[in-house]
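# Observations on the model geometry
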Amino acid sequence: MEEKTKNDVPVWETYDEQDKEALQQLADNYRKFLDTGKTERQCIKEIIRQAEANGYRNLQTVIENKEKLTAGSKVYAVCMKKTIALFHIGSEPIEKGMTILGAHIDSPRLDLKQKPLYEDGKLAYLDTHYYGGIKKYQWVTLPLAIHGVVAKKNGTLIEVHIGEEENDPVFCVTDLLIHLAQEQMQKKVSEAVTGENLDILVGSIPLKDEEKDAVKANVLQIIKEKYNFDEDDFLSAELEVVPAGRARELGFDRSMIMAYGQDDRVCAYTSLVAMLELENVKKTACCLLVDKEEIGSVGATGMQSKFFENAFCEVLAAMGEYSDLTMRRALAHSKMLSSDVTSAYDALYASAFDKRNIAYLGEGMAFNKFTGARGKSGSNDANAEYLGEIRAMMDKHNVHIQFSELGRVDLGGGGTIAYIMAAYGMQVIDSGVAVLNMHAPWEITSKIDLYETKKGYLAFLLEA
C-alpha cells in the first residue's frame, strides 16, 4: 500500500489536542476582534490596546521625550486613527533590512453621503455611496448597523454606534416585492439594484405638528436628543453602514467562521498576533496595517502615502541611525509578506476556478506568487528564489501551506499592497487566508487556515 505524503493527510488530522485548543482560542479571540472592529477606527483602537498590553509604546512619546530606541524596543505609529505601523527593534544592524507583515483593515461597505437624510413617501432614508467592490444586490433586506464619528465645528468628536446591541434598532436597504419585480428580474444582476438605490430606511413616525417632511424632522429630533448633532453636522461625518450582528461559528462541526469584514481583517489579526508573540528578534520586525486598500490604497491613510516611510525614518532617527541612504538600504534589504486574502474554491461555482491552482478551505496558509488581472496587470510577481526561501521557512516550522491564483485567468482579478512595497526593491509575496463569499456582507473562513496563517506569519518573522 502506497504511503501517504504530508499533503495527502487532511490538516485537521495532523493536530494533537494542544493544537486544537490553541486553534479554538485563536478563533474565539479573532471573533471578538471582528465584533469590536467593524470600522478602521475601531480596529486601530483595539490594535493599540493589545499592542500596549504587550509592551508597545507610542512612537510620538518616544520622540517627544528624546528617548533612544535599542534592540528589544517596541513602538507603534498611527496615521489619522486609521493606519498603524508596529516596530520591534532587532539586534542586527537595520541596514540588513526588516521583516514586514502588511495587511489592510478597510472592508467593502456603504458610506453615508454628506447630505444623506431625506423623506419620500412618508418614509425617512439615509443616502449612501458604496465603498469598494460589492455586488449591490447582496446588500438589500439585511439588518444594517451604523458606526463612525461626527466632527462638529466646535471641535467635538461624537462617536456613533447603532445596531449591534440586542436592544438597538437596525436599518435596512429595501427591495421590490417579487409580485411586482417582473421588469427587475429581467435585468442583468449588476443592474437589478443600482448604487443610488442603496439608501437605508431609518424612520416612519412623523413629528407632531410638523407640516413638511415630518418623518425626517422626527429622525433629526431623535438624533439631536441621543447624539447631540444637527443635520448640518453630517457634512463633517464619517459614518459607515455595515452588516449588523456578530461573527459566528459556521457548520455543524463549527469548523468555519462567518462574519463581516474578514477581507482583510483575518490577515490583519493573524499578523498582529504573530507580531505580539515575537520575542528576541534579530532582524527588526514591522507589522503594517493600513486603510484604503479596497479603493486603490490612495489617500493619506493608504499604502501609497508616505506614512510608512515617514514613520520608519522617525524610528531610524530615534535609533540614532537616520540617513537617506540607511533608510533606502534597509527597505531594499527587507522582506515582506503582503498579508491578504485569496479566493477559496467553491464547488457550486467550479467553472470560475482552475482546480489545480486555487486555494481550498481548510488546507492551510495560501501563497499567491502573483495577483493582478488577466495578463498579470497590476501584479507583483514574486521571484522564484524568494518562494524557495518561503517554502523552507514554512517546512521548518511545520506550517501547512498551499499555492494559488485568484481564479480562471480571463475572468478578472484583483490587487493588493504588494506592488507598492515592492517599489522599494524588497522581496514581497502575497500570503494569507482563503475566503468564501469574498466582498459579500458575510464572508467565510476556516479556523484551520486562520491558525496555520498565524503560525506562518510568526515563522516568517523568525526566519526571514
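This structure is a prediction, so every number in the text was calculated from the model and none was measured.

Attention shifts here to the overall build of the protein. Across its full length, the protein carries twelve helices and 23 strands. The C-alpha radius of gyration of the protein comes to 24 Å, within 12% of the 23 Å expected for a compact globule of 464 residues. Projected onto its principal axes, the C-alpha coordinates of the protein cover approximately 75 × 65 × 45 Å. Burial statistics for the protein: of 464 residues in total, 52% are counted as buried. For the protein, long-range pairs separated by at least 24 residues make up 76% of all intrachain contacts whose partners lie at least 6 apart in sequence. Accessible surface, the protein as shown: approximately 22,400 Å² in total, 49% of it carbon and sulfur.

The next subject is the packing of aromatic side chains. The final tally for this structure, using the stated rule, is twelve aromatic pairs. Centroid distance F33 to Y269: 5.1 Å. Interplanar angle 35°. Geometry classified as tilted. Here the residue F33 occupies a position in helix 1 (residues 17-36), and Y269 occupies one in helix 7 (residues 262-277), the gap between them amounting to 236 residues. Accessibility classification places F33 together with Y269 in one group, the buried group. With a centroid separation of 6.4 Å and an interplanar angle of 10°, the aromatic rings of F87 and F308 are classed as stacked.

So, on to the nonpolar core. If you look at the biggest cluster of nonpolar residues, it comprises 60 residues, and the most contacted ones within it are I47, L86, L337, I390, M394 and F460. Here this core takes nine residues from helix 7, the largest share from any one element.

All right, on to helix 10 (residues 384-396) then. Compared with the 18 Å implied by 1.5 Å per residue over 13 residues, the 19 Å span of helix 10 between its first and last C-alpha is a close match. Here helix 10 has its buried residues at Y386, L387, I390, M393 and M394. One face of helix 10 carries all of its buried residues, which in axial projection span an arc of 120°. Facing away from the buried side of helix 10 by more than 90 degrees, the exposed set consists of A384, E385, R391, D395 and K396. Of the surrounding elements, those touching the buried residues of helix 10 are strand 15 (335-339), strand 17 (365-368), strand 19 (401-403), strand 21 (427-432) and helix 12 (447-463). One or two steps after helix 10, the chain reaches N398, where phi turns positive at roughly 55°.

For the rest of this paragraph, the subject is the packing of helix 10 against helix 12. Running from amino to carboxyl end, helix 10 crosses helix 12 at an angle of 110°, the nearest separation of the two axes being 9 Å. The angle between helix 10 and helix 12 falls in the class roughly perpendicular. For the crossing formed where helix 10 meets helix 12, the hand is right-handed. Of the residues in helix 12, those touching helix 10 at Y386, I390, M393, M394 and K396 are G456, A459, F460 and E463.

Moving on: the sheet that holds strand 13 (residues 256-259). Ordered in space as 12-13-23, the three strands form an open sheet in which the pairing is antiparallel. Of all the strands in the sheet, just strand 12 (248-250) and strand 23 (443-446) have a single pairing partner and so form its edges. Recorded for the sheet is a direction-independent mean angle of 35° between the axes of neighbouring strands. Taken together, the three bridges between strand 12 and strand 13 define a ladder with antiparallel strand orientation. The partner of R248 across the bridge, within strand 13, is M258. With respect to the sheet, helix 7 is in contact with strand 13 and strand 23, its orientation differing from that of strand 23 by roughly 30°.

One open sheet accounts for nine strands, arranged 1-2-3-14-4-15-21-17-19; its pairing is mixed. This sheet does not close on itself; its edge strands, each paired only once, are strand 1 (57-58) and strand 19. Alignment of strand 17 against strand 19, held across three bridges, turns out to be parallel. Paired with A366 across the strands is Q402, a residue of strand 19. With respect to the sheet, helix 2 (residues 40-53) is in contact with strand 2 (74-79), strand 3 (83-88) and strand 14 (284-290), its orientation differing from that of strand 3 by roughly 15°.

Before going further, it helps to spend a moment on the environment of I158. Tracing the chain through its elements places I158 in strand 8 (residues 157-162). Separated by 112 residues in sequence, I158 and E46 place their C-alpha atoms 18 Å apart. Filtering out sequence-adjacent residues up to four positions away, I158 remains in contact with G148, V149, V150, K152, Y227, N228 and F229.

What the rule picks out here adds up to 27 salt bridges. In this structure, R246 and D35 form a salt bridge, with 3.6 Å as the shortest nitrogen-oxygen distance. Residue R246 is found in the loop between strand 11 (237-243) and strand 12, and its partner D35 is found in helix 1; the two are separated by 211 residues along the sequence. Accessibility expressed as a relative area gives 48% for R246, which makes it partly exposed. Among the ionic pairs, E389 bridges to K335, the shortest N-O distance being 2.6 Å. Linking E389 in helix 10 with K335 in strand 15, this pair joins segments that are 54 residues apart in sequence. Of the residues examined, E389 reaches a relative accessible area of 30% and is grouped as partly exposed. Three or more residues joined by partner-sharing salt bridges are found here, namely E40, R109, D111 and E240.

It is worth spelling out the pairing of strand 8 at this point. Across the two faces of strand 8 the burial differs, with I158, V160 and I162 buried and L157, E159 and H161 not buried at all. Note that strand 7 (residues 144-151) and strand 8 share six bridges and pair antiparallel. Looking at strand 8, one finds that A151 is bridged to L157.

Another aspect to go through is unusual backbone geometry. Here the amide bond leading from D263 into D264 is cis, since omega sits at 10°, within 30 degrees of zero. As for its position among the elements, D264 is in helix 7. A positive phi angle, near 70°, is found at D209, a position not held by glycine. Tracing the sequence through the fold places D209 in the loop between strand 10 (200-203) and helix 6 (214-227). A positive phi angle, near 55°, is found at N398, a position not held by glycine. Among the residues examined, N398 registers a relative accessible area of 44% and is labelled partly exposed.

Conventions and cut-offs
Residues numbered from 1 in each chain as written. Predicted model: local features only at pLDDT ≥ 70, side-chain atom pairs only at ≥ 80, totals over all residues. Heavy atoms only, no water. Helix = DSSP H or I, 4+ residues; strand = E, 2+ residues; numbered from the N terminus. Rg over C-alpha atoms; globule rule 2.2 N^0.38 Å. Buried < 20%, exposed > 50% of the residue type's maximum accessible area, 1.4 Å probe, protein only. Contact = heavy atoms within 4.5 Å. Areas by Shrake-Rupley, 256 points an atom, 1.4 Å probe, with all protein chains shown as cover. Phe/Tyr/Trp six-rings, centres within 6.5 Å; stacked < 30°, edge-to-face > 60°. Core = buried A, V, L, I, M, F, W, Y, C linked by side-chain atoms within 4.5 Å. Expected span 1.5 Å × (residues − 1). Arc of directions from axis to C-beta. Axes fitted to C-alpha atoms, helices over the stretch in contact; angles between N-to-C directions. Parallel < 35°, antiparallel > 145°, perpendicular 65-115°, else oblique. Left-handed = near helix turned anticlockwise from the far one by under 90°. Pairing = 2+ DSSP bridges. Salt bridge = Lys/Arg side-chain N within 4 Å of Asp/Glu carboxyl O.

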